[in-house]
Amino acid sequence: MWQLQLGTGRTPGSHGSPRRSVLAVGLAVTTLVMLSAGTAAADEQDYTLTVGVPRIHQGEQSWAGLVDNRGRLGEDQLLNEELIDGIEPGQMNYARFGKSLLVADLDNDGYDDLVVGAPGYPSRTEVDVPGRVDLLYGSATGITGARAVSLETPALPGDEFGAALALSSHIDGDGQDIYLWVGAPGHDVGAAVDAGAVFRYGFSIGGTAEYRETTTQDSPLVPGTAETGDRFGAVLAGHTTNGIVVGVPNEDLGTLKDAGTVQRLRTDYLGYWLIEATDWNQDTPGVPGVAEAGDRFGASLAWGGSVVGVPGEDVGGISNAGLVQTFGFSSAIPDSLVPSVAYTQNSKGVPGVAEAGDRFGAAVSGGIFQCPETISAAVGAPGENVGRIKNAGSVTLILEPALSGLKLSECPAKVYTQGNRLPGTAEADDQVGAALGVRPGDPELEEDMTDALLIGIPREDVGKVHDAGRVVIGTGYRPKGFGHQGGSLPGLRFGSVFPS
């Protein structure tokens, strides 16, 4: 049993007791600590900005990918697969390095490490590989190649192993253990092509990962049936304890194609094995609305399943306007989700108006963004028109009442577009809010702590460079914009991937 700081870091060298359990994952550290067994504080994350760049080409290697990592204490870095033993420069055999990311202190040494997914090419018509997940360990100067390792996996070619990542813990009387969950949405289950799977790994105290099991929708205790095109494992969200949440937006409900569902994979109290999973969709009692074809319920998830994006939701007769469903956590049933308020852009107190193609909820995140000690959902609407500017995109901050215990009027919602609270100028097809992330605040600030929202603008043109992409950090007084360290490149779409 040991201690892990998920996405918060600690002061290097301040090695805590291995039996002191702490879990603080971005979203409202104070609330998460109450949900876990820990009470000790953590320090700021070691990295000020970590962005996956899976589209970048390197030499003759298309879709090679890299990770753009900015250090708070060490150097800024561009990381690629050449860090991994056994891969010679120019011989990177796996594509889309950086398609998924996690930041965590895996080996309990006080420095944040990276987990990086490289699921392979986006089409099976190209080089067919299983995909890969790499563990890259941190130091006082940032990420190093020392001890870098790839997970052993039973995945097969075309599985897209590493397309999504999530961490969870289980806590018992002896302390806390950590599990890594890896999505493989291209995994075939019998004759069901691209039905999808999730692989679980356990960590030792030294940060070594060991494969535990593979879960599909045909596994015992998991609701539903593995079907062609479900892509189970494409969307994952970590949970404080005993399992994760899986978004399955491609799930058909009866004859309703791509209506979507969300499933909570749970482990027993000791964390050794899976127990009966739970399932929510828009036909579940207590969840507002009705499941419809193309809703894509679960297309995006905030931490723990507290916010579920439904970007294909029609609002009245308005096609693909979008919706978000919020959840609280049950005290009666440990680790269970409880449906709360659903929001659209036509909801009372939410700025703007629902319009066709807004895709409100295409990306979601959560944290202390706008009101002290108050949890808000950040909701991306990349198809939002700003005036007459089509698909400029927006981000809306909305209170999560089930987690904050407040009314929406006590922390009014705000909308952010370029030129309105965000730097830059709104332009057609920028798609502000196509990706969202969070950099956790410093818990030592206590009631003054705020999290930094990461806003992706992947289709932003930089000068004459088309789709170079930008990232904006923060929603406070002066949000700052950042581009790729290596310079603006056409089609890079910087800002598409943040740590989950």
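Bear in mind the structure is a predicted one, so any value in this text is a computation, not a measurement.

(A) Representation of the overall build of the protein chain. Scanning the protein chain from N- to C-terminus turns up 2 helices and 30 strands. Evaluated residue by residue, the protein chain yields a buried proportion of 59% over its 500 residues. At a minimum sequence separation of 6, the contacts of the protein chain that also span at least 24 residues come to 57%.

(B) Representation of the nonpolar core in the model. The biggest cluster of nonpolar side chains holds 20 residues, and the ones touching the most others in it are Val115, Leu151, Phe161, Leu180, Val182 and Phe199. Listing elements by their share of this core, those giving two or more residues are strand E4 (100–104), strand E6 (132–136), strand E10 (164–172), strand E11 (175–184) and strand E12 (197–203). Listed in part, the 16 residues of the second largest apolar core include Val350, Cys371, Ala381 and Leu408.

(C) How the structure looks around the pairing of strand E29 (residues 470–473). The pairing of strand E28 (residues 452–457) with E29 spans 4 bridges and is antiparallel. Note that in E29 the partner of isoleucine 457 across the bridge is arginine 470. Looking at chain direction, E29 and strand E30 (residues 480–482) are connected through 3 bridges and run antiparallel. Note that in E30 the partner of valine 472 across the bridge is glycine 481. Linking E29 to E30, which pair antiparallel, is a turn of 6 residues; within it glycine 474 sits at a positive phi near 95°.

(D) Local environment of the sheet that holds strand E20 (residues 323–329). An order of E18-E19-E20-E21 is seen for the 4 strands of this open sheet, with the pairing classed as antiparallel. A strand with exactly one partner marks an edge of an open sheet, and here the two such strands are strand E18 (300–301) and strand E21 (337–343). Of the pairings in the sheet, the one linking strand E19 (residues 307–310) to E20 comprises 4 bridges and is antiparallel in character. What sits directly across from glycine 309, in E20, is valine 324.

(E) Quick look at a negative patch on the surface. Residues Glu373, Glu444, Glu446, Glu447 and Asp448 make up a contiguous surface patch of negative charge. In this fold, glutamate 373 is placed in the loop between strand E22 (363–367) and strand E23 (376–381).

(F) Representation of the pattern of salt bridges within the structure. Here the structure, examined in full by the defined rule, presents 9 salt bridges. Here glutamate 160 and arginine 96 are joined by a salt bridge, their closest N and O atoms 3.4 Å apart. With glutamate 160 in the loop between strand E9 (149–150) and E10 and arginine 96 in the loop between strand E3 (77–79) and E4, this residue pair connects regions lying 64 residues apart in the sequence. Residue arginine 96 is classed as buried on the basis of its relative accessible area of 8%. When salt bridges with common partners are traced through the structure, they connect Glu81, Arg132 and Asp134 into a single cluster.

(G) Focus on the layout of surface pockets. Approximately 400 Å³ is the volume found for the second largest pocket. What lines the second largest pocket is a set of 24 residues, and nearest its centre among them are Arg439, Thr450, Asp451, Ala452 and Ile473. If you list the elements that add at least two residues to the lining of the second largest pocket, you get strand E1 (47–53) and E30. When grouped by side-chain class, the residues that make up the lining of the second largest pocket number 9 nonpolar, 7 polar and 8 charged.

(H) Inspection of the confidence of the model for the protein chain at higher detail. Averaged over the protein chain, the pLDDT score is 85; the fraction of residues at 70 or greater is 85%. Averaged pLDDT values for the elements of the protein chain fall to 32 in helix H1 (residues 29–35) and rise to 98 in E18. In the model, residues 1–41 has pLDDT below 50 throughout and makes 132 contacts with residues more than four positions away in sequence or in other chains.

(I) A nonpolar patch on the surface, seen in detail. A contiguous nonpolar patch, built from Tyr269, Leu270, Tyr272 and Trp273 and spanning about 460 Å² of accessible area, is present on the exposed surface. By secondary structure assignment, the location of leucine 270 is in the loop between strand E16 (261–267) and strand E17 (274–280). Residue classification places leucine 270 among the partly exposed positions, given a relative accessible area of 31%.

(J) Quick peek at the sheet that holds E4. One open sheet accounts for 4 strands, arranged E4-E5-E6-E9; its pairing is antiparallel. Looking at strand neighbours, the two that pair on one side only are E4 and E9, the edges of this open sheet.

(K) Main features of the environment of valine 290. By the secondary structure assignment, valine 290 is in the loop between E17 and E18. Accessibility expressed as a relative area gives 52% for valine 290, which makes it exposed. Distance in space between the C-alpha atoms of valine 290 and alanine 259 is 9.6 Å, their sequence separation being 31 residues.

Criteria and cut-off values
- Residues numbered from 1 in each chain as written.
- Predicted model: local features only at pLDDT ≥ 70, side-chain atom pairs only at ≥ 80, totals over all residues.
- Heavy atoms only, no water.
- Helix = DSSP H or I, 4+ residues; strand = E, 2+ residues; numbered from the N terminus.
- Buried < 20%, exposed > 50% of the residue type's maximum accessible area, 1.4 Å probe, protein only.
- Contact = heavy atoms within 4.5 Å.
- Core = buried A, V, L, I, M, F, W, Y, C linked by side-chain atoms within 4.5 Å.
- Pairing = 2+ DSSP bridges.
- Patch = residues over 30% accessible without salt bridge, like charges linked within 9 Å, V, L, I, M, F, W, Y side chains within 5 Å.
- Areas by Shrake-Rupley, 256 points an atom, 1.4 Å probe, with all protein chains shown as cover.
- Salt bridge = Lys/Arg side-chain N within 4 Å of Asp/Glu carboxyl O.
- Lys, Arg positive; Asp, Glu negative; His and termini not counted.
- Charge placed at Lys NZ, Arg CZ, Asp CG, Glu CD.
- 1 Å grid on protein atoms, 1.4 Å probe; cavity = no way out; pocket = protein on both sides within 12 Å on 5 of 7 lines; lining within 4 Å.
- Points joined across faces, edges and corners; volume = space filled by probe spheres on them.
- Nonpolar A, V, L, I, M, F, W, Y, C, P; charged D, E, K, R; others polar.
- pLDDT = per-residue confidence, 0-100.

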